[in-house]
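Here's the letter readout for the chains.
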Amino acid sequence: MRRSLARRAAAAAAVLALLLTGCSGTDDGRDADGTIRLRFQSLAWQKESVDANKQLVKEWNAAHPDVQVDYVQGSWDNVHDQLLTSFEGGEAPDIIHDASDDLADFAYDGYLADLRPLLPERLKADIPEQSWRTTTFDGGIYGVPFLQEPRVLIANTEILKASGVRIPTPEQPWSWAEFRKVSKELTGKGRYGVAWPLKEPVSVTLNLGLSGGGQLFHRDADGRAELRFEEGDRVVTGTIHDQVNTDRSAARTALGMGGSDALPGFFGGRYTMLPLGFAYRQQVVEQAPEGFEWTVLPAPAGSGGLAQGVSPQTLSVAEDSPHQEEAVAFIDFLLRPPNMVRLARGDWMLPTGTTALAHPSLHTDENGWATGTALAGHLRPAPAQTVRGYPEWKDKVATPALQEYYSGAIGAGELRKRLVDDGNRVLARYQR
C-alpha cells in the first residue's frame, strides 16, 4: 500500500502549503451551513433494488440532518473504467458500490480506505470470515461484502418430471458425471438438456471449478500468484466441452449468449436447464409465460462438494473522502440486518450477514429461495480474488481461450497452454 502512504504524505504537504500561504483550504465535503454531504454511487439496476437503495438513503437522511447522502446511479457495464477515471481525477464518490473481484488494483494503488479502524464490531462479527477474505488485501480491509450469488440450475419442471430423472437437492446433488448423463437423457428432438450462456465464461468456469477440486490460481512459497491447470480444473471445463461437442446435449448457439438471451429458448422448451446466477430468478418470474413451471436446483458437486467461488457485491470508502467515519456509519446503517434483507430481496440475492441470512423470507420454497440459502455455507472467495492482473488475464487470455475450447475450436492441451503459459506472463508483469 505504498501509494496510499504517498498520497497521504502529498495531502499533508498540500495542507501545510495552504497554511503557510494563508489560503483558506479546499472543499471538505460540507455545504455552506456545515452539513456533511456524502455521495453514494450505487450499481443497483433492477427496479426493486433501486427502490430499496433509494428508500434507505431517504430514511438515513431523515434521521441524520447533519450528514446527508446523495444517491448517484452507476452502471456495472463500465464501473471499473469509470471509477479509475474518478479516482485519478480526484472526483470519486465517498461510498462506492462494486464487486470484490474489482477491488484488488484499487486497493493496492491506494484509492480505497482501509476500513479496519472504522468498522463497528457488530458489522465485523455478523459477516463470516470467508466473506471478509474477499475484500482483504495485504492485511487491510477495503470493502464490506454484503450480497452474494450462488450459481444454480434453473429447470423446466414439466420436462424434468416427465423424464423420470432423479431430482437433486442440496443434500443429495448430482455429481458432475450424473449431470452430464441427465443432460443427455433430457435431450430430444428439438430440445437440448442444457444451455450454457457463456458470453462471459471466466467467472463461471473459475467459480464452479471449485466444486470439482479446481483452483487454477495458486500462491508459491513467496506469495506470488501463479497459474496451474490441474486435474480438478478439467472437471467443469471438460464437462461443458463434452456436452457441447461430444454428447450434443448442450446448445452450441448458447455459448455466445448472456443469461437473459437464453431465457426465451428456455421458456419455449428448447433448453431444459440453464446454469445461471441466483438473481436471474427475477427475470424468470417476470418473463415466463403464464402457466410455465420452473424450479431451482443446486449446481452439481464434485470432490469439492457444493463449493463455489463468489465475488460478493461490496461497499467501499474512497481514500480521498474527507468524511470516512460518516461514510462507514452510513454503510453500517445500510447493512443492519433488516436493511440487508431488503437489499437482498430487492436484488434477488443472498445477504452475507448471518443474521439477515436467517430471515424466514429467505427460507421459503417459493421461487427457489430455500435452495439458494442452503448453498450459502458452501460459498468461498473466488479463486482470483486477490490476484493483481486478473482483469487483464481474464479479458485478453482466458475469455478467448475458453470460448474457443468450449466451441471445439481448440483442444484441452492448447487451452492449458494459453491459460497457464500466456497467463503467467501477464501476472509476472504485475508482480515485479
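These figures come from a predicted structure and were not determined experimentally.

Draft legend 1. Examining the overall build of the protein more closely. Along its length, the protein carries 18 helices and 16 strands. With respect to the three principal axes, the spread of C-alpha positions in the protein is 80 × 50 × 30 Å. Residue burial in the protein is summarised as follows: out of 432 residues, 53% are buried. Of the contacts formed within the protein by residues at least 6 apart in sequence, a portion of 74% connects residues at least 24 apart. Carbon and sulfur atoms make up 50% of the accessible area of the protein, which totals about 18,600 Å². Taken as two groups, the 44 positive and 56 negative side-chain charges of the protein have centres that lie 6 Å from each other.

Draft legend 2. Representation of the packing of aromatic side chains. Here the structure, examined in full by the defined rule, presents 20 aromatic pairs. When the ring of Phe137 is compared with that of Tyr142, the centres are 6.4 Å apart and the planes differ by 45 degrees; the resulting orientation is tilted. The same class applies to Phe137 as to Tyr142, namely buried. Ring geometry for Trp176 versus Phe179: centroids 5.8 Å apart, planes at 85 degrees, classification edge-to-face. Here Trp176 and its partner Phe179 are both found in helix H8 (residues 176-185), three residues apart, which amounts to about one turn of the helix.

Draft legend 3. Quick look at helix H17 (residues 390-407). The principal kink in H17, of about 40 degrees, is found at Ala398, preceding the proline Pro400 by one to four residues. Buried residues of H17: Tyr390, Glu392, Trp393, Val397, Ala398, Thr399, Ala401, Leu402, Tyr405 and Tyr406, and no others. Packed against the buried residues of H17 are helix H9 (201-209), strand S9 (217-219), strand S10 (225-227), helix H10 (233-245) and helix H18 (412-430).

Draft legend 4. Spatial organisation of the sheet that holds strand S7 (residues 151-156). The strand order across the open sheet formed by four strands is S8-S11-S7-S12, and the pairing between neighbours is mixed. The two strands at the open ends of the sheet, each matched to only one other strand, are strand S8 (192-194) and strand S12 (294-298). Within this sheet the neighbouring strands show an average axis-to-axis angle of 25 degrees, counted without direction.

Draft legend 5. Structural view of the domain arrangement of the protein. Each assigned domain of the protein is listed here: domain 1 (36-142 + 313-351) and domain 2 (151-310 + 383-429). Placing the centre of domain 1 and that of domain 2 at their C-alpha centroids yields a distance of 29 Å. Contact with domain 1, which involves 17 residues of that partner, is made by 13 residues of domain 2. Roughly 1,300 Å² is buried in total at the junction of domain 1 and domain 2, and carbon and sulfur atoms are behind 52% of that figure. Looking only at domain 1, the three residues that lose the most surface to domain 2 are Asp101, Asp105 and Trp348, adding up to 43% of its buried area. Arg388 is the partner of Asp109 in a salt bridge, and the nearest nitrogen-oxygen pair spans 3.4 Å. Going through the elements one at a time, helix H4 (104-108) and strand S4 (136-137) are the ones with two or more residues in the side of domain 1 that touches domain 2. Take the side of domain 1 that touches domain 2: its biggest share by element is three residues, from H4.

Draft legend 6. View of the side chain of Thr134. Position of Thr134 relative to the elements: it lies in the loop between helix H6 (129-132) and S4. Look at Thr134 and you get buried, because its relative accessible area is 1%. Of the polar contacts made by the side chain of Thr134, one reaches the backbone oxygen of Ser131; its length is 2.6 Å.

Draft legend 7. Just the packing of H10 against H17, in detail. Packing of H10 against H17 leaves a shortest axis separation of 8 Å and a crossing angle of 45 degrees. Relative to H17, the element H10 lies oblique. Within the contact between the two elements, H10 uses Thr237, Gly238, Ile240, His241, Val244 and Asn245 and H17 uses Leu402, Tyr405, Tyr406 and Ser407. Of the residues that constitute the contact of H10 with H17, the class distribution is five nonpolar, five polar and no charged.

Draft legend 8. Main features of unusual backbone geometry. Of note in this structure, Arg248 is not a glycine but carries a positive phi near 55 degrees. By relative accessible area, which is 46% here, Arg248 ends up partly exposed. Here Asn367, not a glycine, exhibits a phi torsion of approximately 60 degrees, which is positive. Of note, Asn367 is situated in the loop between helix H15 (354-357) and helix H16 (369-374). Judged by relative accessible area, Asn367 falls into the partly exposed class, the value being 23%.

Draft legend 9. Representation of the sheet that holds strand S3 (residues 95-99). Strand order in the open sheet formed by six strands is S2-S1-S3-S14-S6-S15, with mixed pairing between adjacent strands. Among the strands making up the open sheet, the edge pair consists of strand S2 (67-73) and strand S15 (350-351). Sheet topology places S3 next to strand S14 (residues 313-317); five bridges connect them, and they run antiparallel. Looking at the pairing, Ala99 lines up with Gln313 of S14. Contacts between helix H3 (residues 79-88) and the sheet are confined to strand S1 (36-42) and S3, with S3 contributing the most and set at about 145 degrees to the helix.

What counts, and where the lines are drawn
- Residues numbered from 1 in each chain as written.
- Predicted model: local features only at pLDDT ≥ 70, side-chain atom pairs only at ≥ 80, totals over all residues.
- Heavy atoms only, no water.
- Helix = DSSP H or I, 4+ residues; strand = E, 2+ residues; numbered from the N terminus.
- Buried < 20%, exposed > 50% of the residue type's maximum accessible area, 1.4 Å probe, protein only.
- Contact = heavy atoms within 4.5 Å.
- Areas by Shrake-Rupley, 256 points an atom, 1.4 Å probe, with all protein chains shown as cover.
- Lys, Arg positive; Asp, Glu negative; His and termini not counted.
- Charge placed at Lys NZ, Arg CZ, Asp CG, Glu CD.
- Phe/Tyr/Trp six-rings, centres within 6.5 Å; stacked < 30°, edge-to-face > 60°.
- Bend = angle between axes of the 7 residues up to and from the residue.
- Pairing = 2+ DSSP bridges.
- Axes fitted to C-alpha atoms, helices over the stretch in contact; angles between N-to-C directions.
- Domains from an automatic or database assignment.
- Buried area = accessible area lost by both parts, 1.4 Å probe.
- Salt bridge = Lys/Arg side-chain N within 4 Å of Asp/Glu carboxyl O.
- Polar contact = N/O pair within 3.5 Å; in protein donor to acceptor, adjacent residues only side chain to side chain.
- Parallel < 35°, antiparallel > 145°, perpendicular 65-115°, else oblique.
- Nonpolar A, V, L, I, M, F, W, Y, C, P; charged D, E, K, R; others polar.

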